[in-house]
Amino acid sequence: MNPETALLATLAIPAAGALAIVLAGRWPNLREGVTILTALALFGAVISVLMGLVDGETPRVVLAEPLPGLELALRPEPLGVLFAMLASG
């Protein structure tokens, strides 16, 4: 997975996991399985972003440009990725 895709995945995985947890609400074993699977997938995505930073890439994803010259973008910093590793691990 390239770092830009992994960066978007770090946003999409928790949202999809939360929806799946709500849908599996009646079945505790399924709910716990979805929780663990979501956590592992998120940790893998953060590792992919970290590997991109270690390789010297600067991943950047522009989500929107509401005004000319004003971008809403994601650009990870090494300390932020370290915190994401701790939080997702």
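Everything below is about the structure shown above.
Residues numbered from 1 in each chain as written. Predicted model: local features only at pLDDT ≥ 70, side-chain atom pairs only at ≥ 80, totals over all residues. Heavy atoms only, no water.

Colleague: So what's going on with helix 1 (residues 3–23)? Residues and values would help.
Modeller: Compared with the 30 Å implied by 1.5 Å per residue over 21 residues, the 30 Å span of helix 1 between its first and last C-alpha is a close match. Along helix 1, the sharpest kink reaches roughly 30°, centred on Ala 9. Three or more residues of helix 1 are buried, namely Pro 3, Ala 6, Leu 7, Ala 9, Ile 13 and Gly 17. Close packing links the buried residues of helix 1 with helix 2 (28–54), strand 1 (61–67) and strand 2 (70–74). (Helix = DSSP H or I, 4+ residues; strand = E, 2+ residues; numbered from the N terminus. Expected span 1.5 Å × (residues − 1). Bend = angle between axes of the 7 residues up to and from the residue. Buried < 20%, exposed > 50% of the residue type's maximum accessible area, 1.4 Å probe, protein only. Contact = heavy atoms within 4.5 Å.)

Colleague: Describe in detail the pattern of salt bridges, supporting the description with residues and values.
Modeller: On inspection of all chains with the given rule, the structure shows 1 salt bridge. In this structure, the salt-bridge partner of Glu 71 is Arg 60, at a minimum N-O distance of 2.1 Å. Of this pair, Glu 71 sits in strand 2 while Arg 60 sits in the loop between helix 2 and strand 1, and the two are 11 residues apart along the sequence. (Salt bridge = Lys/Arg side-chain N within 4 Å of Asp/Glu carboxyl O.)

Colleague: Which residues make up the side chain of Thr 38, and what are the values?
Modeller: With respect to the element layout, Thr 38 can be found in helix 2. Using a relative accessible area of 17% as the deciding quantity, one classes Thr 38 as buried. Apart from residues lying up to four places away in sequence, Thr 38 is in contact with Ile 13, Pro 14 and Gly 17.

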